[in-house]
Structure formats: structure tokens, C-alpha cells
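Observations on chain architecture
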Amino acid sequence: MNPHRWLHEHSLKVLAIRDTPEAIAGGVAIGIFIGFTPLVGLKTALCILFAWLTRSNIIAAVLASAAHDILLPLMPAIFLWEYDVGSWLLSHPHHWPPPPTWPHGEPHFWRHWIHFFTSWRTFAAIGKPTLVGSIVCGAPFAILSFVLTHTLVARHQRKKQLQAKPEPDNPS
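Residues numbered from 1 in each chain as written. Predicted model: local features only at pLDDT ≥ 70, side-chain atom pairs only at ≥ 80, totals over all residues. Heavy atoms only, no water.

In terms of helices and strands, the protein carries seven helices and zero strands. Written out in order from the N terminus, the α and β elements of the protein read α-α-α-α-α-α-α. Out of the 172 residues belonging to the protein, those deemed buried represent 30%. Residue pairs at least 24 apart in sequence account for 71% of intrachain contacts in the protein once pairs closer than 6 positions are excluded. Total accessible area on the protein is roughly 12,300 Å²; 69% of this is exposed by carbon and sulfur atoms. (Helix = DSSP H or I, 4+ residues; strand = E, 2+ residues; numbered from the N terminus. Buried < 20%, exposed > 50% of the residue type's maximum accessible area, 1.4 Å probe, protein only. Contact = heavy atoms within 4.5 Å. Areas by Shrake-Rupley, 256 points an atom, 1.4 Å probe, with all protein chains shown as cover.)

The subject of this paragraph is the packing of aromatic side chains. All chains considered together, the criterion is met by two aromatic pairs. Where Phe 36 meets Phe 141, the ring centres are 5.0 Å apart and the plane angle is 20°; that geometry is what we call stacked. One end of the pair, Phe 36, is in the loop between α2 (21-35) and α3 (43-53); the other, Phe 141, is in helix α7 (residues 120-164), with 105 residues separating them in the sequence. A relative accessible area of 5% means that Phe 36 is categorised as buried. For the pair Trp 88 and Trp 96, a centre-to-centre distance of 5.9 Å together with 25° between the ring planes defines the contact as stacked. The exposure class assigned to Trp 88 is partly exposed, which follows from its relative accessible area of 31%. (Phe/Tyr/Trp six-rings, centres within 6.5 Å; stacked < 30°, edge-to-face > 60°.)

Take helix α5 (residues 75-90) next. With 16 residues, α5 extends 22 Å from end C-alpha to end C-alpha; this agrees with the ideal 22 Å at 1.5 Å per step. If you check which residues of α5 are buried, you get Met 75, Ile 78, Glu 82, Val 85, Gly 86 and Ser 87. (Expected span 1.5 Å × (residues − 1).)

What follows concerns the nonpolar core. Soluble, globular proteins show a tendency: their nonpolar side chains are buried together. Within the largest apolar cluster, 12 residues are counted, these being Val 14, Ile 17, Ile 24, Val 28, Ile 32, Phe 36, Ala 60, Leu 63, Ala 64, Met 75, Ile 78 and Val 153. Broken down by secondary-structure element, the contributors of at least two residues to this core are α2, α4 (58-68) and α5. Ranked by size, the runner-up nonpolar core spans six residues in total, among them Ile 30, Ile 34, Ala 51 and Ala 61. (Core = buried A, V, L, I, M, F, W, Y, C linked by side-chain atoms within 4.5 Å.)

See the structure below:
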């Protein structure tokens, strides 16, 4: 799969949506913002809910959330960045968290990922800072995506209107 072609196809789908530029841009911003959160299994449902609540375009929100999945190979680094930012914001006085360490003697610690979800203390200690960090880190990208999408969709719709408008007949 070519990521550039995949992204191009999704952007054409967003441009084909028949709605106001504000609603489409709002949907894309919601999808990008929700895409940054660590709530992996709830992203589509949250996109639909928040797009409906804000009267943004639901299809644009779901497409943007799906387009955000192109960053899937980078998500561990993004989640670590969000965890660092969230830990810094939640600590008093502010300090960066220590670097993650793996227990010695367990070279395949990643195989025991289920322990992360079954231990509420671990989940709360890591999940809360990551969620706070995702809100802070995702907001600038959502705002940027809103502005870019609004500009592109408005320009595309104006161009389509000019092409569809019949030219006046000049009898001269």
C-alpha cells in the first residue's frame, strides 16, 4: 500500500462530501483530534458522537480518524511523547517522568501486555497522563487541520460552482 496514494484517495473523498466547509473542516478536526487519543477501540464511536454534538460532518470525522491511522507505525513514539507531556503537566512541581525501563530478566515483556489492562493502578498511572498529554498535543494538529481543510474545501466548492455556472449568451 502506497501511503501517498491512500491519503490522496481519502482527501478526494472529503472533497466530494456535500456540506458546508465549516462542517467538513469541523469533522476533520474532530477526527484528527480523536486520532491522537489513546482510546484505540473507541475512536470511531467518539468521532461520530462529537461530530453529531457539534453538528460537524460525521463522514469527514470518521475519514480523518481513519486517515490518522496512517501514523500507526509512529504511534508508540507519539504515545510516549503524550505520556511525557501529560506527566509533566500533572506533576507538582513540574518535572519530566523518568525514562521507561523494562524489568531485568524479562526480555519479552511486551508479550505480557494484558497485565497493563488488568492492573488498574498501572492503567491509571499511565493512562491518565497519556490522555491529558493527548489532549494538549492533539489540539494544535486539530486546529491546523481545521484551517487547512476549511481553506481547501471552500476553494474546491467555489471552483465547482464556477464550472457549473452556465456562461451568459452574448447576442453580439
